[in-house]
Amino acid sequence: MKKLLFSLVLCLAGGASYISAQPRPAEKTPTPNTAARAAAPESFQAKYEGGMLGFDKKLEGSLKFDDINERLVFFGKDQ
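Since the model is a prediction, treat every value here as computed from it, not as a measurement.

What counts and what doesn't
- Residues numbered from 1 in each chain as written.
- Predicted model: local features only at pLDDT ≥ 70, side-chain atom pairs only at ≥ 80, totals over all residues.
- Heavy atoms only, no water.
- Helix = DSSP H or I, 4+ residues; strand = E, 2+ residues; numbered from the N terminus.
- Buried < 20%, exposed > 50% of the residue type's maximum accessible area, 1.4 Å probe, protein only.
- Contact = heavy atoms within 4.5 Å.
- Salt bridge = Lys/Arg side-chain N within 4 Å of Asp/Glu carboxyl O.
- Pairing = 2+ DSSP bridges.
- Axes fitted to C-alpha atoms, helices over the stretch in contact; angles between N-to-C directions.
- Phe/Tyr/Trp six-rings, centres within 6.5 Å; stacked < 30°, edge-to-face > 60°.

Participant: Explanation requested: the overall build of the chain in the structure shown.
Facilitator: Regarding its fold elements, the chain presents 1 helix and 3 strands. Scanning the chain from its N terminus toward the C terminus, one meets helices and strands in the order α-β-β-β. Scored against the burial criterion, the 79 residues of the chain give a buried share of 9%. Considering only contacts within the chain whose residues lie at least 6 apart along the sequence, 6% involve residues at least 24 apart.

Laid out in structure tokens, this is it:
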């Protein structure tokens, strides 16, 4: 009888701790005006210092955002 009562109390205490441990929902904050942010530059100067196996040349060029393909592209002197 003691084991049954002990296990019942243990289950109720575990269930109560599970319910009370739930996090409260995040408060919604107003989003800042996106027009007020400064726009990123379309391209900027960069130096490529290798990275592929067997290609150890250092190149100077520019990085540009390719919005259509959603990628960042390095353009050397020959574009």
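Participant: Honestly, the pattern of salt bridges in this entry has me stumped. Any pointers?
Facilitator: Under the counting rule described, the total for this entry stands at 1 salt bridge. In this structure, D66 engages R71 in a salt bridge whose closest nitrogen and oxygen atoms are separated by 3.1 Å. Given the relative accessible area of 19%, D66 is considered buried. Given a relative accessible area of 49%, R71 falls into the partly exposed group.

Participant: Hey, could you run me through the sheet that holds strand 3 (residues 71-75) in this one?
Facilitator: By definition, the strands of a sheet pair up through backbone hydrogen bonds, in either a parallel or an antiparallel sense. Across the sheet, which stays open at both edges, the 3 strands sit in the order 1-2-3 with antiparallel pairing between neighbours. In this open sheet, the two strands that pair with only one neighbour each are strand 1 (43-48) and strand 3. Neighbour to neighbour, the strand axes of the sheet diverge by 35° on average, direction disregarded. Pairing of strand 2 (residues 59-66) with strand 3 involves 5 bridges; the strand directions are antiparallel. Note that in strand 3 the partner of D66 across the bridge is R71.

Participant: What's the story with the packing of aromatic side chains in this structure? I'm lost.
Facilitator: Two numbers describe a pair of aromatic rings. These are the distance of the centres and the angle of the planes. This model, assessed by the stated rule, comprises 2 aromatic pairs. Measuring from ring centre to ring centre gives 6.4 Å for F44 and F65, while their planes differ by 55°; the resulting arrangement is tilted. Residue F44 is found in strand 1, and its partner F65 is found in strand 2; the two are separated by 21 residues along the sequence. The exposure class assigned to F44 is partly exposed, which follows from its relative accessible area of 34%.

Participant: In this structure, what is going on with the side chain of S62? I would like to understand it.
Facilitator: Tracing the backbone shows S62 in strand 2. Given a relative accessible area of 9%, S62 falls into the buried group. In this structure, S62 is in contact with F44, Q45, A46, V73, F74 and F75, ignoring residues within four places of it in sequence.

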